[in-house]
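Commentary on secondary and tertiary structure
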Amino acid sequence: MQIAQILQLYPLQLIESSSPRLDVEILLMHALGKNRFFIYAWGEYELKPFEITKFKELFKERLRGKPIAYLIGKREFWSMPFLVNEHTLIPRPETELLVEVALNHLPKNGIVFDMGTGSGCIALAIKKERPDCQVIGVDNSLNSLNIAKQNAHNLNLEIEWIESDWFSKIEIKADIIVSNPPYIAINDRHLMQGDVRFEPQSALVSGKDGLDDLFYLIDKSRDFLNPNGWLFLEHGFDQGFVINSLLKTACYTNINTYQDSNGQERVSGGRFPFV
Ligand SMILES: C[S@@+](CC[C@H](N)C(=O)[O-])C[C@H]1O[C@@H](n2cnc3c(N)ncnc32)[C@H](O)[C@@H]1O
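Residues numbered from 1 in each chain as written. Predicted model: local features only at pLDDT ≥ 70, side-chain atom pairs only at ≥ 80, totals over all residues. Heavy atoms only, no water.

1. Concerning the overall build of the protein
Selection rule: Only DSSP runs of H or I covering at least 4 residues are called helices, and only runs of E covering at least 2 are called strands; the numbering of each starts at the N terminus. Two things to know: the radius of gyration comes from C-alpha atoms, and the globule rule equals 2.2 Å times the number of residues to the power 0.38. Summary of the burial criterion: residues with accessible area below 20% of their type's maximum are buried, those above 50% are exposed, and those between are partly exposed, where the area comes from a 1.4 Å probe applied to protein chains only.
Looking only at helices and strands, the protein features 10 helices and nine strands. Here the C-alpha radius of gyration of the protein, 21 Å, is about what a compact globule of 275 residues would show, namely 19 Å. With respect to the three principal axes, the spread of C-alpha positions in the protein is 65 × 40 × 30 Å. A buried classification covers 52% of the 275 residues belonging to the protein.

2. Focus on the nonpolar core
Using the following cut-off: Note on terminology: a nonpolar core comprises buried Ala, Val, Leu, Ile, Met, Phe, Trp, Tyr and Cys residues joined through side-chain atoms within 4.5 Å.
Counting 33 residues, the largest nonpolar core has Val-99, Leu-124, Ile-126, Trp-161, Val-178 and Phe-232 as its most contacted members. Taken together, the elements giving at least two residues each to this core come down to strand 2 (80-83), helix 6 (96-105), helix 7 (121-129), helix 8 (142-155), strand 6 (174-179) and strand 7 (225-234). Core analysis: the second largest hydrophobic core is formed by 32 residues, Met-115, Ile-184, Val-205 and Leu-231 among them.

3. A look at the site of the ligand
This is how it is decided: The nearness test applies per residue and asks whether one of its heavy atoms lies within 4 Å of the molecule or strand. Polar contact criterion, stated in full: a pair of N or O atoms within 3.5 Å, where within protein one must be able to donate a hydrogen and the other to accept it, and residues adjacent in sequence count only if both atoms are side-chain atoms. Shrake-Rupley sampling with a 1.4 Å probe provides the accessible areas, and residues are treated as covered by the protein chains on show and by no other component. Just so you know the grouping, Ala, Val, Leu, Ile, Met, Phe, Trp, Tyr, Cys and Pro go in nonpolar, Asp, Glu, Lys and Arg go in charged, and all remaining residues, Gly too, go in polar.
The ligand sits among 19 residues. The nearest are Gly-116, Asp-139, Asp-165, Trp-166 and Asn-180. In the model, an oxygen atom of the ligand is placed 2.6 Å from a nitrogen or oxygen of the Asp-139 side chain. At 2.8 Å from a nitrogen atom of the ligand is found a main-chain nitrogen or oxygen belonging to Trp-166. For the ligand, whose unbound accessible area comes to 590 Å², protein coverage reaches 95%. Partitioned by chemical class, the residues of the shell around the ligand number eight nonpolar, nine polar and two charged.

4. Notes on the domain arrangement of the protein
Using the following cut-off: A domain assignment, automatic or from a database, supplies the domain bounds used here.
You can read the domains of the protein as domain 1 (3-65) and domain 2 (86-272). Placing a centre on the C-alpha atoms of domain 1 and another on those of domain 2 gives a separation of 35 Å.

5. Side note on the packing of helix 6 against helix 7
We count it as follows: Axis lines are fitted to C-alpha atoms, over the contacting stretch for helices. Their N-to-C directions set the angle, which ranges from 0 to 180 degrees. For this classification, under 35 degrees means roughly parallel, over 145 means roughly antiparallel, 65 to 115 means roughly perpendicular, and everything else is oblique. For any helix crossing, the convention is left-handed if the near helix is rotated counterclockwise from the far helix by under a right angle, and right-handed if that rotation is clockwise. In what follows, a contact means two residues having at least one pair of non-hydrogen atoms within 4.5 Å.
Remark: helix 6 packs on helix 7, axes separated minimally by 10 Å, with the N-to-C direction vectors making an angle of 40°. By the angle between their axes, helix 6 is oblique relative to helix 7. Crossing of helix 6 over helix 7 shows right-handed handedness. The residues of helix 7 that touch helix 6, namely those facing Leu-98, Val-99, Ala-102 and Leu-103, are Ile-122, Ala-125, Ile-126 and Glu-129. Within the contact of helix 6 with helix 7, the residues separate by chemical class into seven nonpolar, no polar and one charged.

6. What about the environment of Ser-141?
Here Ser-141 lies in the loop between strand 4 (134-139) and helix 8. Remark: the alpha-carbon pair of Ser-141 and Ile-162, spanning 21 residues in sequence, is separated by 9.9 Å.

7. Structural notes on the packing of aromatic side chains
Rules: Think of it this way: a Phe, Tyr or Trp ring, Trp meaning its six-membered ring, pairs with another when their centres are within 6.5 Å, and the plane angle makes it stacked under 30 degrees, edge-to-face over 60, tilted otherwise.
On inspection of all chains with the given rule, the structure shows 11 aromatic pairs. Between Phe-38 and Tyr-45 the ring centres are 5.4 Å apart and the planes differ by 75°, which places this aromatic pair in the edge-to-face class.

8. Comments concerning the pattern of salt bridges
Put simply, the rule is: In what follows, salt bridge is the name for a side-chain nitrogen of Lys or Arg lying within 4 Å of a carboxyl oxygen of Asp or Glu.
Per the counting criterion, the structure on display carries 10 salt bridges. A salt bridge links Arg-21 to Glu-25; the shortest N-O distance between them is 2.8 Å. With Arg-21 and Glu-25 both in helix 2 (residues 20-32), this residue pair falls four residues apart, about one helical turn. Residue classification places Glu-25 among the buried positions, given a relative accessible area of 4%.

9. Examining helix 10 (residues 240-249)
Condition: The arc in question is formed by the directions pointing from the helix axis toward the C-beta atoms.
The complete set of buried residues in helix 10 reads Gly-240, Ile-243, Asn-244, Leu-246 and Leu-247. One side of helix 10 carries all its buried residues, which in axial view fall inside an arc of 165°. Exposed side of helix 10, more than 90 degrees from the buried face: Phe-241, Lys-248 and Thr-249 are the residues found there. Check the buried side of helix 10 and you find it contacts helix 9 (212-221), strand 7, strand 8 (253-259) and strand 9 (265-272). Among the residues trailing helix 10, Cys-251 stands out with phi positive, at a value near 70°.

This is the structure we're talking about:
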């Protein structure tokens, strides 16, 4: 079978995917170990039997709904490649907003905590832009931290990783705390759709209304921020109002909600003025 035939026939079967042609291209590149240029330039290339077998195995999993990022073991974030696997959330483009907001508030030589670091994408993006800062990535999943460590090694960036249930093992204070915590309600129907079906529930779900971890982080961060330190949280598109109210009630000041490139409220945060 030739590349051109695969590109013509296989996307037709991926009826549940929003990007069937792109999916097939990516799986083909992965199976062949070639780049997009090769796929486009060599349509008449005849796949070898082991290449066909590899492609078909990947394709079968994709038909089952498995995310492309897990099939090829990586995803781009902040223009950097990140290893991912079934233990880590797949980094989302929306989360780049949290990185941007944090960078806009980060003092020189500041200390940053990334709570629930997963693949380490937020921590590593901040460190990449601001090598002067000390960045600490925290997660209670050792499997996630192992991937985060590999990512740090591959990107040649130095982060301190701490296995901890939120702040339980943290002994210092930060100038900025960022987090993209679990914020989906346990009965949310989206958990039954698309990529999230394959992602760890522990990275996604937070109680009856999705607010348990956000609430906890707003409350506890006050004990772990230096005076006038900032807390920034990613949240669901419909949680901005609640998070604003919770921040106000917890005596944060300079509270703001930020919209992502689709105009959705994605990140809220504020400053905690007290010791
Ligand atoms: C939504 S994922 C975010 C992952 C990554 N920061 C990102 O943006 O792609 C939430 C992360 O929080 C971690 N987490 C959940 N509960 C936690 C807890 N009690 N203590 C520390 N980390 C926790 C999960 O393991 C997961 O990696």
